[in-house]
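Each chain, written out:
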Amino acid sequence: MNLTAIKAIYLFEMARFFRTLTQSFISPVISTSLYFVVFGAAIGSRIQEVDGIGYGAFIVPGLIMLSVMTQSISNGSFGIYFPKFIGTIYELLSAPVTFLEITIGYVGAAATKSLFIGLVILGTSALFVDLTILHPLPMLLFLVLTCLSFSLLGFIIGIWAGNFEQLQLVPLLIVTPLVFLGGSFYSISMLPPFWQWVTMFNPVVYLISGFRWAFFGAADVPVIASLGAISLFTVICVVTIGWIFKTGWRIRN
Amino acid sequence: MDQILSVEGLKKSYASGFEALKGVDLNVESGEIFALLGPNGAGKTTLISTICGITNATAGTVRVGGHDIYAEFRAARSLIGLVPQEINLEPFEKVINTVRFSRGLFGKPKNDALIEQILRDLSLWDKKDSRIMELSGGMKRRVLIAKALSHEPRLLFLDEPTAGVDVELRKDMWNVVGRLKEQGVTIILTTHYIEEAEAIADRIGVISKGQLLLVEDKAKLMERLGQKQMIIELQAPVTEIPEGLASYDLQIAQNGSALVYSYDVKADRTGITKLLSDVSRAGLVLRDLQTKQSSLEEIFVNLVQEETA
C-alpha cells in the first residue's frame, strides 16, 4: 500500500477545501438556519409532534442527512471529475498507485468534507432546538458511513460523467427526490399505506430512519435494517469501483 | 549499457477500430536521449501514454528498467517521469504544492531541499508561491517538468516539450535536458521540430501512422541519408552549362550566377577536385564556394513521403 500517495492525494484535496473554508462553513450554516426559519418556526409551530418529538427537533437528522448526502455526492464526483476535466488525471494514471489508493485518497477527502459540514449543521441546529442525542456513537457511525458511501457514489458519478451537465444529472434527478421522499421532513407512518409500501424501496429511508433512531430512539424501520441497507449500499459502490478500475472504464480508453 | 526501456510488438487500437500503434518494437539504452519524430497523429503520444500507463495496450509487452509495466507497475512507473504535451495543471494551486504533490503521489518521502533545487534549476523558485493560473505559458511548462522531476525518475518522457514555446525557452529547455543527461537520466522526447532532434538527440526514431519507420543513431542517419550539395557561385552569370562540364550532375541556380553540384558524402570519390579544376578550365571565375548538407527535416520529409507514396 502506497500510504505516502494516499496522504498526498488526501491533503491535496483537503487543501482545496481549506482554500474555500469560509464558503464551506457559511453556506451550510445559512441554509440550515433558513430551514429552521421556514420549517421550524413558520410551519413547525402549526405542526404538533411527530413520533412524540417536537417538529423542529424531528427534522434535524433528516436535514443533516440531506446536506451530507448531496455534499458527499458533489464532493466525491467533483474531486475526480475535475482532474479529468483539466487533464491532470494523467499524473494519477501514470503514478505507481493502485486505484484502491486513488479511491481512498479522493473518497476519504470527500467524506471528510461532508462530515465536517454535517457536524456544522448539527452545531447550528443545536442553536435553534433543544437536542439530545440518545445514542451518540451509533449516530456518528451512521453519519460517517453515509459520508463514505455517498462519496463513493459521487466518485462513480465523477468517473462516469463526460461533462458538467451529467455531473449534475444524477444528483438532481435521482438523489434529491430520493432524499426528499425519504422521510427527511416527515415520518413514513404519516403516509397512506400504499405509499408506505412504495417508500420501502427507497434506500434513503433506511439511512434517515437509522440516523433518526440514533437521535431519538424512534425509527420507521428496524435499526438493523438501516445498518444492513447502508452496508449493502457501501459494498455495491465498492464493487462497482473495483470493476471500473479493473476494466479502465471511462478512464483508460 | 543496460536497457531502460524495451517495447515489443506494442499495439493499440481504439473502440472505433482506429489502429494508433501497429506493432511497435523499440529499445532505449540507459542514459541516452532518444527523439521520436513524426507528423501529427503518427502515434507518438499514444506510444508514450501506453508506456506510462495512461492508456491500456491492446497487445505487446513493455518493460521499464526490466519491470513489466503491468505485472510490476509500481516498480516500472516509479522510474518514469512524464511531461505531457498539454498544459494540464490545477489552476488554483500554488506551484510548490503541485510539485510536492507529485513527489508524494509517487510514494517518495518529503524532500524540500530537492524540490527547491529542481525549482531553482528551472528558474521557478521565485514563483514558488504563485498560483498556477498567474503564470505564463512557458512557466507552466516548466512546472510540468518540475513535477515530472520531483520523484527523481530514471526515464523522462517529454511529449512535445517545446511546442508553441519561444526560442529562448526552447534553448533553456535544451539546457535542462543536457543537465539531466549528465545526471544519467534517460530522455525520450517527441517532437515535430526536426531542429530539436538534431540539436539534442543521440538517436532518432521516425514514426508514421503507428509504425516505427526507422531507429538510428542521429549522425549515422544524417550520413546515410544525407545528400551534400556544393554551390559554386560565379563572377559572371552563365546561361547554360559549359561544354566541358556537361558530364557532371550540375544545375544552374540563382539566375545563372551559381552552379549546384549534388553528391553523395559516402561515395569513395566525390568528384569535387576534378570538378573544380574543370570549372577553371572552362574559363569560369569563382566568387564563392559553399557546401550544404541536407537537414534532418529533408530526410524526414523524404521518409514520410516514401511511406505515403
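Residues numbered from 1 in each chain as written. Chains lettered and ligands numbered in written order. Predicted model: local features only at pLDDT ≥ 70, side-chain atom pairs only at ≥ 80, totals over all residues. Heavy atoms only, no water.

(A) Broad picture of the sheet that holds strand β6 (residues 80-83) of chain B. Residues and elements named next belong to chain B. Judged by pairing direction, the sheet is mixed, and its six strands sit side by side in the order β6-β7-β8-β3-β9-β10 without closing on themselves. With partners counted over all chains shown, the strands left at the sheet margins are β6 and β10 (211-217), one partner each. Here the strands of the sheet are splayed against their neighbours by 15 degrees on average, with no regard to which way each runs. Strand direction decides the pairing type here: strand β9 (residues 203-208) and β10, joined by six bridges, are antiparallel. Its bridge partner being in β10, Ser208 is matched across the sheet by Gln211. (Pairing = 2+ DSSP bridges. Helix = DSSP H or I, 4+ residues; strand = E, 2+ residues; numbered from the N terminus. Axes fitted to C-alpha atoms, helices over the stretch in contact; angles between N-to-C directions.)

(B) Quick peek at the pairing of strand β11 (residues 227-234) of chain B. Residues and elements named next belong to chain B. The sheet contact formed by β11 and strand β13 (residues 258-264) spans seven bridges and is antiparallel. The residue of β13 that forms the bridge with Gln229 is Ser262. Pairing geometry for β11 and strand β14 (residues 286-293), over seven bridges, is antiparallel. Bridging from a neighbouring strand, Ile231 pairs with Gln290 of β14.

(C) Main features of the packing of aromatic side chains. Throughout the structure, instances matching the rule amount to 23 aromatic pairs over all chains. Each ring, one from A:Phe150 and one from A:Phe233, has its centre 5.0 Å from the other, and the planes form 50 degrees; the classification is tilted. Of the two residues, A:Phe150 sits in helix α6 (residues 136-160) while A:Phe233 sits in helix α10 (residues 223-247), which places them 83 residues apart along the sequence. According to the relative accessible area criterion, A:Phe150 is buried, its value standing at 4%. Owing to a relative accessible area of 21%, A:Phe233 belongs among the partly exposed residues under this scheme. Feature note: the residues A:Phe17, A:Phe18, A:Phe25 and A:Phe116 constitute an aromatic cluster, connected by ring pairs. One cation-aromatic arrangement involves A:Arg212 over A:Phe58; the distance from NZ or CZ to the ring centre is 3.8 Å. The ring of B:Trp125 has B:Lys128 sitting right over it, with the charged end atom 5.0 Å from the ring centre. (Phe/Tyr/Trp six-rings, centres within 6.5 Å; stacked < 30°, edge-to-face > 60°. Buried < 20%, exposed > 50% of the residue type's maximum accessible area, 1.4 Å probe, protein only. Lys NZ or Arg CZ within 6 Å of the ring centre and 35° of its normal.)

(D) Focus on the nonpolar core. One finds B:Leu5 and B:Phe157 to be the most contacted residues of the largest nonpolar core, which totals 141 residues. Looking at this core, the element that brings in the most residues is helix α3 (residues 55-86) of chain A, giving 13 residues. Excluding residues within four positions of it along the chain, B:Phe157 makes contact with B:Leu5, B:Ile48, B:Ile51, B:Cys52, B:Ile80, B:Gly81, B:Leu82, B:Val83 and B:Ile188. Listed in part, the 13 residues of the second largest apolar core include B:Leu234, B:Val238, B:Tyr261 and B:Leu275. (Core = buried A, V, L, I, M, F, W, Y, C linked by side-chain atoms within 4.5 Å. Contact = heavy atoms within 4.5 Å.)

(E) Seen up close, the interface of chain B and chain A. In this assembly, 31 residues from chain B lie in contact with 28 residues from chain A. With both chains or domains summed, chain B and chain A bury close to 2,600 Å², and 58% of this area falls on carbon and sulfur atoms. It is B:Arg74, B:Phe101 and B:Leu105 that lose the most area in chain B upon contact with chain A, and together they represent 25% of the buried surface on that side. Viewed at the interface, chain A and chain B are joined by five salt bridges. The shortest N-O distance in the salt bridge between B:Glu93 and A:Arg19 comes to 2.8 Å. Remark: the boundary between chain B and chain A carries 10 residue pairs in polar contact (both at pLDDT 80 or more). Where the side of chain B that touches chain A is concerned, the elements lending two or more residues are α2 (73-78), α3 (95-105) and α5 (137-149) of chain B. If one sorts the elements of the side of chain B that touches chain A by residue count, α3(B) sits on top with six residues. (Buried area = accessible area lost by both parts, 1.4 Å probe. Salt bridge = Lys/Arg side-chain N within 4 Å of Asp/Glu carboxyl O. Polar contact = N/O pair within 3.5 Å; in protein donor to acceptor, adjacent residues only side chain to side chain.)

(F) Representation of the pattern of salt bridges in the model. Throughout the structure, instances matching the rule amount to 19 salt bridges over all chains. For B:Glu90, the salt bridge goes to A:Arg19, with nearest N and O atoms at 3.7 Å. Taken together, the residues B:Glu90 in the loop between β6 and α3 and A:Arg19 in helix α1 (residues 3-19) connect one chain to another. A relative accessible area of 30% places A:Arg19 in the partly exposed class. Where B:Glu116 meets B:Arg120, a salt bridge forms, and the shortest distance between an N and an O atom there is 2.8 Å. Of this pair, B:Glu116 and B:Arg120 are both found in helix α4 (residues 112-121), four residues apart, which corresponds to roughly one turn of the helix. One salt-bridge network, in which partners are shared between bridges, spans A:Glu13, A:Arg16, A:Arg19, A:Lys113, B:Glu90 and B:Glu93.

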